[in-house]
Amino acid sequence: MIEINKVSKWYGSFKVLTDCTTSVKKGEVVVVCGPSGSGKSTLIKTVNMLEPFQEGTIMVDGISVGAKGTDLPKLRSRVGMVFQNFELFPHLTITENLTLAQIKVLGRSKEEATVKGLGLLDRVGLKAQAAKYPGQLSGGQQQRVAIARALSMDPICMLFDEPTSALDPEMVNEVLDVMVELAQEGMTMMCVTHEMGFARKVADRVIFMDQGNIVEDCTKEDFFGTPRSERAQLFLSKIL
Ligand code: ADP
Ligand code: MG
């Protein structure tokens, strides 16, 4: 579903990604972890070209994201993305947040979009919040809305960039529970997270990044058992 091949990226003269190669198969859940500043967000954002890259190729469902002529709005509409800070539209109600892109990008009718959006809102346990504004919801609730909004577009895969790291601790699990459910239903997922309980539960593979390099790309059993690199061993010893 996602094939990242020898991707390098520079910010000016600073090389933020070096020769990154990995892939995510249909239905696979891949967790990306590593120290702050190692390039995790940059890598995951290259998948839908929120971050352009200078070298290498990325294919999503057979489409080359970096190629000239690729319909990026269409591609992005099929790749769900959930960010650390929710990124809901603050001036729109939860229902409007859930229906806007369905109507504008997918051309669904307001009725159809509303039925779909409210169904997903129910699924993340927030049906009663439909008429509220994001600011009236807790962080955990806002993030669940953000996940429902991404799902409303019928994505072929989902990208998560530290979806729980801006949350108060007591709200982390309500978001992880939704992600675990998605994973168990077979959604293809690439998740930047340091929630190793989540990784242990549902990850098929774990990628560890350091200074713009993918230094580990292995099964979770290998990662938690015997990571090859010293850097990953040190990282694990600090967070577990
Ligand atoms: P991570 O998500 O692993 O914390 P990032 O991908 O956000 O890492 O950042 C990787 C590196 O790139 C960091 O050193 C960061 O300072 C740098 N960086 C990120 N965004 C920019 C930018 N827009 N311009 C210059 N440097 C950036
Ligand atoms: Mg980041």
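Quick caveat: nothing in here was measured; it's all calculated off a predicted structure.

(A) Fine view of the side chain of Arg 108. Its place among the elements puts Arg 108 in the loop between helix 3 (94–104) and helix 4 (110–123). In this structure the side chain of Arg 108 is engaged in a polar contact, spanning 2.7 Å, whose partner is the side chain of Gln 102. Polar contacts involving the side chain of Arg 108 include one to the side chain of Asp 154, which spans 2.6 Å. In contact with Arg 108, not counting residues within four places along its chain, are Gln 102, Ile 103, Ala 113, Lys 116, Ser 152 and Asp 154.

(B) Just the site of ligand 1, in detail. Taken together, Tyr 11, Phe 14, Val 16, Pro 35, Ser 36, Gly 37, Ser 38, Gly 39, Lys 40, Ser 41 and Thr 42 make up the full set of residues near ligand 1. Between Tyr 11 and ligand 1, the recorded distance is 3.3 Å, taken from a side-chain N or O atom to a nitrogen atom. Gly 39 places a polar main-chain atom, nitrogen or oxygen, 3.0 Å from an oxygen atom of ligand 1. Alone, ligand 1 offers 570 Å² of accessible surface; in the complex the protein occludes 58% of this. Elements that contribute at least two residues to the shell around ligand 1 include exactly strand 2 (14–24) and helix 1 (40–46). The element that contributes the greatest number of residues to the shell around ligand 1 is helix 1, accounting for three residues. Its residues placed into classes, the shell around ligand 1 shows four nonpolar, six polar and one charged.

Rules behind the numbers
Residues numbered from 1 in each chain as written. Chains lettered and ligands numbered in written order. Predicted model: local features only at pLDDT ≥ 70, side-chain atom pairs only at ≥ 80, totals over all residues. Heavy atoms only, no water. Helix = DSSP H or I, 4+ residues; strand = E, 2+ residues; numbered from the N terminus. Polar contact = N/O pair within 3.5 Å; in protein donor to acceptor, adjacent residues only side chain to side chain. Contact = heavy atoms within 4.5 Å. Near = heavy atom within 4 Å. Areas by Shrake-Rupley, 256 points an atom, 1.4 Å probe, with all protein chains shown as cover. Nonpolar A, V, L, I, M, F, W, Y, C, P; charged D, E, K, R; others polar.

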